[in-house]
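Now for the letters of each chain:
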Amino acid sequence: RLGLHASGPAGDVASLIDHTLLKADATRAEIETLCREAVEFGFATVCVNPCWVALASRLLKGSPSSVCSVVGFPLGATTPDVKHYETRRAIFDGAAEIDTVINIGALKSGDLKLVERDIAAVVGPCREAGVTSKVIIEAALLNDDEKIAASTLSKAAGADFVKTSTGFASGGATAADVALMRRVVG
C-alpha cells in the first residue's frame, strides 16, 4: 500500500509501518495529524486507542491506509469477555487490524487455559470479520519458556502475527526475542 506522495524505497518501507499514537493524552488534533501523515507518507495503518477508531476510519476513508486499534492495552490485565467486546466494538467502528496484549499475569501464573481463552476472545471476532489480529506478548516481562508458551498459544489460536512489546514496559524488543518468536511461529 502506498500513499499519494510515497514512491520508491521510502514508500515501500512506509507501507510496512503502523503510524502509532497511543498516549493517554492524545488529542483529536493529534489524531487528525496522524491520519494526514499516514496518507501523505503511505503508512499501512494508524494505530490508535479505541476511542479514536471511528474518527480515524472516517479520515482515512478512500486512502490505502487503514486503522489498527489496541485491545486490553497496555496491561493485558482484563478478562476475555471484555477483550471480546472491545475487539467487536473496534471492528464495528472501522478497525481493520487489532493488536491485543495477552494476560501476562495469567501466563506468569502458569494458567495457560486462561491465556488461551484470552487470545481466542480477540482472534475469533477478527477472523469472523476478516480483520488482522496481532498478539503482543510483552517479552521484556517474560522468561524464554513464557515467550515460547505465549507464541505457541498465539499461533494455535490462529493469530496473524505475534509481537514483542507495547513500548510501555520496562524494556522493548531484542533481536534474541524476535529470533526466538520466529523459531516458534515460523
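Scope of this entry: the structure provided in the associated data block. (Residues numbered from 1 in each chain as written. Predicted model: local features only at pLDDT ≥ 70, side-chain atom pairs only at ≥ 80, totals over all residues. Heavy atoms only, no water.)

A few words on the side chain of His-19. Relative to the assigned elements, His-19 resides in strand β1 (residues 18-21). Apart from residues no more than four positions distant in its own chain, His-19 is found in contact with Leu-34, Glu-37, Ala-38, Phe-43, Thr-45, Val-46 and Cys-47. (Helix = DSSP H or I, 4+ residues; strand = E, 2+ residues; numbered from the N terminus. Contact = heavy atoms within 4.5 Å.)

Overall, the coordinates contain twelve salt bridges when judged by the stated rule. One salt bridge connects Lys-134 with Asp-18, and the closest N-O pair in it is separated by 3.0 Å. In this pair, Lys-134 is assigned in strand β5 (residues 132-136) and Asp-18 in strand β1, connecting sequence segments 116 residues apart. Judged by its relative accessible area of 6%, Lys-134 is buried. On the basis of relative accessibility, which here comes to 25%, the residue Asp-18 falls in the partly exposed class. In this structure, the salt-bridge partner of Lys-147 is Asp-144, at a minimum N-O distance of 3.5 Å. (Salt bridge = Lys/Arg side-chain N within 4 Å of Asp/Glu carboxyl O. Buried < 20%, exposed > 50% of the residue type's maximum accessible area, 1.4 Å probe, protein only.)

This brings us to the packing of aromatic side chains. The geometry of an aromatic ring pair comes down to the distance between the two centres and the angle between the two planes. Using the criterion set out here, one finds two aromatic pairs in the structure. Their ring planes at 50 degrees and their centres at 6.0 Å tell us that Phe-41 and Phe-43 sit as a pair that is tilted. The interplanar angle of 85 degrees and the centroid separation of 5.1 Å between the aromatic rings of Phe-73 and Phe-168 together place this pair among those described as edge-to-face. Note that Phe-73 is positioned in the loop between β3 (66-71) and α4 (80-92) and Phe-168 in the loop between β6 (161-163) and α8 (175-185), a separation of 95 residues in sequence. By relative accessible area, which is 19% here, Phe-73 ends up buried. (Phe/Tyr/Trp six-rings, centres within 6.5 Å; stacked < 30°, edge-to-face > 60°.)

With that out of the way, let us pick up helix α6 (residues 112-129). Between the first and last C-alpha of α6 there are 26 Å, a value that for 18 residues agrees with the 26 Å anticipated at 1.5 Å per step. The axis of α6 is deflected most strongly, by about 25 degrees, at Ala-120. Check the buried side of α6 and you find it contacts β3, α4, β4 (97-101), α5 (104-108), β5 and α7 (144-156). Phi turns positive one or two residues past the end of α6, at Gly-130, with a value near 70 degrees. (Expected span 1.5 Å × (residues − 1). Bend = angle between axes of the 7 residues up to and from the residue.)

A few words on the sheet that holds β5. By way of backbone hydrogen bonds, the strands of a sheet pair with one another, either parallel or antiparallel. As summarised here, the arrangement of the six strands in space is β1-β2-β3-β4-β5-β6, forming an open sheet in which the pairing is parallel. A single partner strand is all that each edge strand has here, and the edge strands are β1 and β6. On average, each strand axis in the sheet is inclined to that of its neighbour by 25 degrees, with strand direction left out of account. Relative to strand β2 (residues 45-48), β1 runs parallel, the two being bridged by four bridges. Bridge pairing in β2 places His-19 opposite Val-46. Packing against the sheet, helix α3 (residues 53-60) makes contact with β2 and β3, and its axis sits at approximately 170 degrees to β3. (Pairing = 2+ DSSP bridges. Axes fitted to C-alpha atoms, helices over the stretch in contact; angles between N-to-C directions.)

Take the pairing of β4 next. Across the five residues of β4, five count as buried, placing the element largely inside the fold. In β4, alternate side chains face the same way, and those of Glu-97, Asp-99 and Val-101 on one face and Ile-98 and Thr-100 on the other are all buried. Pairing of β3 with β4 involves four bridges; the strand directions are parallel. Each bridged residue has a counterpart across the sheet, and for Val-71 the counterpart in β4 is Thr-100. At this point the chain moves from β3, through α4, to the parallel β4, and the crossover so formed is right-handed. (Right-handed = clockwise from strand over helix to strand, strands pointing away.)

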